[in-house]
Amino acid sequence: MVNNRELTEDGLEKNFATNTLGTYILTTALLPLLEKEADARVITVSSGGMLVQKLNISDLQSGNGTFDGTMVYAQNKRQQVVMTERWAKAHRNIHFSVMHPGWADTPAVRSSMPDFYQKMKNTLRTEAQGADTVVWLAVSSEATKLPSGLFFQDRQPVPTHLPLASTHSPPEDEEKLMEVLEELSQKFKPTSPGT
C-alpha cells in the first residue's frame, strides 16, 4: 500500500496500477488458457477493508480530494471484488474466488499501517494463517462445489457488503469499471504474437 499519491512511469496511480489494473491485465491475459483447463481457478487476494467502500468510478486513480492510502487501498480491493464477480458471470468454465486473509502480521501491514500494527500486533494472524484460505481455494475440491464469484474468509463465503453500509453499486458502474480497465490495459498488451 502506497500511503502518498505516487504515479508510475506510465502516469498511473501506484495503488490502482498494482491492485486493480495489474490484476485485470494478468487475469484477462490468462483467460484463454484457463478456459481450456478442466479445473481452472482464479483467486484474488483482497481485503475486508473493501467493506467500507462503494465502487467509485468517477475517480479510479484517486486524483481528486485528499489522498488517504488506506481508503485508496480499500477502494482498489472493492474493485477487485467487482472484477471477480463480473468474471465469474462471463466465464462459466473458470472458478473465480476473492478472499480476505484476515489481518496478518506481514511486512506490508507493519510498514503501511504502523499505528494499526502497534495496537493490534498481539492479535494478528501469522502469515500461514493468512494464507490458509487462499491455499484451500486453490486446491480443495470443496471450494469448487461453491458458486463461482464469492468472497471468502476463513474458508467460508461471506457477504461483500455490510448491512446498512450503502456500498452497493449499480450494474452500470460495474460495467464502466470493466470498460475503463479494458481501455487502460490496451497500452500494456503485446502488439503482435510473441512480443
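See the structure printed just above.
Presented here is a report on the structure given in the accompanying data block. (Residues numbered from 1 in each chain as written. Predicted model: local features only at pLDDT ≥ 70, side-chain atom pairs only at ≥ 80, totals over all residues. Heavy atoms only, no water.)

Each helix and strand in the protein was counted, giving six helices and four strands. Going from N to C terminus, the protein has its helices and strands arranged as α-β-α-β-α-α-α-β-β-α. By the compact-globule yardstick of 16 Å for 195 residues, the protein fits well, its C-alpha radius of gyration being 17 Å. By its C-alpha atoms, the protein is 50 × 40 × 35 Å across when sized along the principal axes. Residue pairs in contact within the protein that sit at least 24 positions apart in sequence constitute 73% of those at least 6 positions apart. Total accessible area on the protein is roughly 10700 Å²; 54% of this is exposed by carbon and sulfur atoms. Placing the 19 positive and 23 negative side-chain charges of the protein at their respective mean positions leaves the two points 3 Å apart. (Helix = DSSP H or I, 4+ residues; strand = E, 2+ residues; numbered from the N terminus. Rg over C-alpha atoms; globule rule 2.2 N^0.38 Å. Contact = heavy atoms within 4.5 Å. Areas by Shrake-Rupley, 256 points an atom, 1.4 Å probe, with all protein chains shown as cover. Lys, Arg positive; Asp, Glu negative; His and termini not counted. Charge placed at Lys NZ, Arg CZ, Asp CG, Glu CD.)

Along the chain, Phe67 turns up in the loop between strand E1 (41–45) and helix H2 (69–90). Here the alpha-carbon distance between Phe67 and Asn4, two residues 63 residues apart in the chain, equals 6.8 Å. Not counting residues within four places of it along the chain, the set of residues in contact with Phe67 comprises Val2, Asn3, Asn4, Arg5, Glu13, Asn15, Ser62 and Val72.

Relative to the assigned elements, Glu13 resides in the segment before helix H1 (14–34). The charged side chain of Glu13 is buried without a salt bridge, its nearest counter-charge being Arg5 at 5.9 Å. For Glu13, the side chain forms a polar contact with the side chain of Asn15, separated by 2.8 Å. (Buried < 20%, exposed > 50% of the residue type's maximum accessible area, 1.4 Å probe, protein only. Salt bridge = Lys/Arg side-chain N within 4 Å of Asp/Glu carboxyl O. Polar contact = N/O pair within 3.5 Å; in protein donor to acceptor, adjacent residues only side chain to side chain.)

A few words now on the packing of aromatic side chains. Taken as a whole and judged by the stated rule, the model has three aromatic pairs. Three or more aromatic residues link up through ring pairs in this structure, and these residues are Tyr24, Trp87 and Phe96. (Phe/Tyr/Trp six-rings, centres within 6.5 Å; stacked < 30°, edge-to-face > 60°.)

Quick look at the pattern of salt bridges now. Evaluated as defined, the whole model comprises nine salt bridges. Note that Lys187 and Asp10 form a salt bridge whose closest N and O atoms lie 3.6 Å from each other. On the criterion of sequence distance, the pair formed by Lys187 in the segment after helix H6 (171–185) and Asp10 in the segment before H1 is long-range, its members being 177 residues apart. Looking at Asp10, the relative accessible area reads 33%, which means it is partly exposed. The salt bridge partner of Glu174 is Arg86, with a shortest N-O separation of 3.9 Å. With Glu174 in helix H6 and Arg86 in helix H2, this residue pair connects regions lying 88 residues apart in the sequence. Residue class for Glu174 comes out buried when judged on its relative accessible area of 14%. Counted as one network, the salt bridges with shared partners bring together Arg86, Glu174 and Glu175.

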